[in-house]
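Spelled out from the first residue to the last, the chains are:
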Amino acid sequence: MALELNEAQELFKSAKNGDRRSLSRLMTSIESGNIPNLERKQCWTLGITGPPGVGKSTLIGQMISHWLVKGHRVAILALDPTSPVSGGSFLADRVRMDQADLSEEVFVRSIASGSNTGGIPNYLGEMCFALSECGWTRILIETVGTGQYDIRIFGYAQRVLLLDGPDRGDIIQAEKAGILELADFIAVNKSDLPGSESAVQGLKLSLGLSENEKRKVHLVSALEGTGIADLISTIDSCEINDSRRKIRMREMLISNWDSLLLNHSQIDLYLEKLCSGSITVNDAINSMVREIISRGE
Amino acid sequence: MRIVIAKPGLDGHDRGAKVVARALRDGGHDVIYTGLRKTPDEIVRIVNDEDAEVLGLSTLSGAHDSLIPKICQKLKISGLSNVVVFAGGIIPDRDRSDLHNSGVRAVFGPGTPTSDILHFLEEVKSRKNKHQEVGVGQDPGWHWN
């Protein structure tokens, strides 16, 4: 273990000096649990979340160009689901981020969500800190396509953009509680398609029911590149909302707790016992927690 | 394994690449697909940033004899000599030995059962475990077919 930690430390050192190969290997090292000493200073992170197929990757592709012009170095951590059947994954977010491959100032890393609940692996925080210390000034986390209450991203990103699309009217109503309440920025994509304007109106109506609602609903077309500059300027001028600290910490705590449970060496054994009915869920929790504590995991 | 499936050059047909990507996913691998029309430099940067162990190159345009050696060369000078490269698509038998000489470890033509590619990857893994050289810039002695 000590050897691997030393290696992580070395990689971190040369990544900070600008070596891209080391940066990439450092990400792999963090993924496998070998984390260098990080300063864990505030870093600029934006989570981009929303239902599948709404255009998150395509929008990120557009946002990259705007931030590059402003002199930023943009890193993207793109999450896609792991197959619960084969354990494999098809990571294709970067296909839609053509702009990403044209510049040295963009770093895209595809990440398989693994079995992590909420689709977010708990090492994502360390990746962000490392990227930030290596000089990446805009760090974007693209979630797997999400539903109404997937708020785990708030544990990892300082600010969150919720992206929606046209023809999702009923779902907009249902989303009144949950992610819509928490998102710092809201945008409707596909303004090139009919129905997008009414999606904006639906969201505005829903937001308008709350007092002190100051958030603007942006209408963009990631395909045509319209409305992006305005969205970027809203994002860049936003102060971090510190009142959510407790929600963030709660999500991070749950995420790390889940990961302890999911990485328990005997989890398959417990699942088999649960299937056969020889123990109850409470029994399983009690003895797993005891084992976790006694091992000091 | 982390595997990048890439489409170099101007060829715009990627059904084959997608079939392979799907088969590898179902075989339990993490597959990163690049999309169409990538330059050698872009592909090398993607392989680096994704820290991939394996690169699969799909080409149907006839430009394989120019593009693939170029990509292999760029991998070698970018510190990525240990990446395993295989190729697929329309590649005549007479061109295979040149590709092998560039560091390509397998060439899969039309009609290849996807299980062949999975078996190739198993062989790669077992050779790696035995510390035998299978990377693009390593001892070119062994190739799958």
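Residues numbered from 1 in each chain as written. Chains lettered and ligands numbered in written order. Predicted model: local features only at pLDDT ≥ 70, side-chain atom pairs only at ≥ 80, totals over all residues. Heavy atoms only, no water.

Take the interface of chain A and chain B next. Chain A puts 27 residues into the contact, and the matching count from chain B is 23 residues. Considering only the surface of chain A that becomes buried against chain B, Arg 21, Phe 90 and Asp 101 of chain A emerge as the three largest contributors, covering 29% of it. Here chain A and chain B share five salt bridges between them. Put simply, Glu 50 of chain B and Arg 109 of chain A hold a salt bridge, and the shortest N to O gap is 4.0 Å. In this assembly, chain A and chain B are joined by 19 residue pairs in polar contact (both at pLDDT 80 or more). Sorting the residues of the side of chain A that touches chain B by element identifies helix 2 (20-31), strand 3 (89-91) and strand 4 (106-112) of chain A as the ones contributing at least two each. Tallied by class, residues from the side of chain A that touches chain B come to ten nonpolar, eight polar and nine charged. (Contact = heavy atoms within 4.5 Å. Buried area = accessible area lost by both parts, 1.4 Å probe. Salt bridge = Lys/Arg side-chain N within 4 Å of Asp/Glu carboxyl O. Polar contact = N/O pair within 3.5 Å; in protein donor to acceptor, adjacent residues only side chain to side chain. Helix = DSSP H or I, 4+ residues; strand = E, 2+ residues; numbered from the N terminus. Nonpolar A, V, L, I, M, F, W, Y, C, P; charged D, E, K, R; others polar.)

Right, let's talk about the nonpolar core for a bit. As a rule of thumb, soluble globular proteins bury nonpolar side chains together. Residues and elements named next belong to chain A. Core analysis: the largest hydrophobic core is formed by 44 residues, its most contacted members being Leu 23, Met 27, Leu 124, Met 127, Leu 131, Trp 136 and Ile 141. When residues in this core are grouped by element, the largest group, five residues, is from helix 4 (residues 124-133). Formed jointly, this core draws a minimum of three residues from each of two domains, domain 1 (1-37) and domain 2 (41-243). When near neighbours in sequence (up to four residues on either side) are disregarded, Leu 23 contacts Ala 15, Phe 107, Leu 131, Cys 134 and Trp 136. (Core = buried A, V, L, I, M, F, W, Y, C linked by side-chain atoms within 4.5 Å. Buried < 20%, exposed > 50% of the residue type's maximum accessible area, 1.4 Å probe, protein only. Domains from an automatic or database assignment.)

Attention now moves to the sheet that holds strand 2 (residues 30-33) of chain B. In sheet architecture, strand pairing relies on hydrogen bonds along the backbone and comes in two forms, parallel and antiparallel. A sheet is described by the order of its strands in space; here six strands give the open sequence 3(A)-2(B)-1(B)-3(B)-4(B)-5(B), paired in parallel fashion. Each having just a single partner strand, strand 3 of chain A together with strand 5 (104-108) of chain B make up the two edges of the open sheet. Neighbour to neighbour, the strand axes of the sheet diverge by 20° on average, direction disregarded. Bridge count for strand 1 (residues 2-6) of chain B against strand 2 of chain B is four bridges, and the pairing is parallel. Bridge assignment links Val 4 of chain B to a residue of strand 2 of chain B, and that residue is Ile 32 of chain B. (Pairing = 2+ DSSP bridges. Axes fitted to C-alpha atoms, helices over the stretch in contact; angles between N-to-C directions.)

A separate point is unusual backbone geometry. Backbone geometry places Lys 190 of chain A, a non-glycine residue, at a positive phi of 70°. The residue Lys 190 of chain A is located in the loop between strand 7 (185-188) and helix 7 (196-208) in this model. Accessibility expressed as a relative area gives 26% for Lys 190 of chain A, which makes it partly exposed. Here the phi dihedral of His 131 of chain B falls at roughly 60°; this positive angle occurs in a residue that is not glycine. Locating His 131 of chain B in the fold gives a position in the segment after helix 5 (114-129). Since its relative accessible area comes to 74%, His 131 of chain B is described here as exposed.

So, on to the domain arrangement of chain A. Considered domain by domain, chain A is made up of domain 1 (1-37), domain 2 (41-243) and domain 3 (251-295). On a C-alpha basis, the centroid separation for the pair domain 1 of chain A and domain 3 of chain A is 30 Å.

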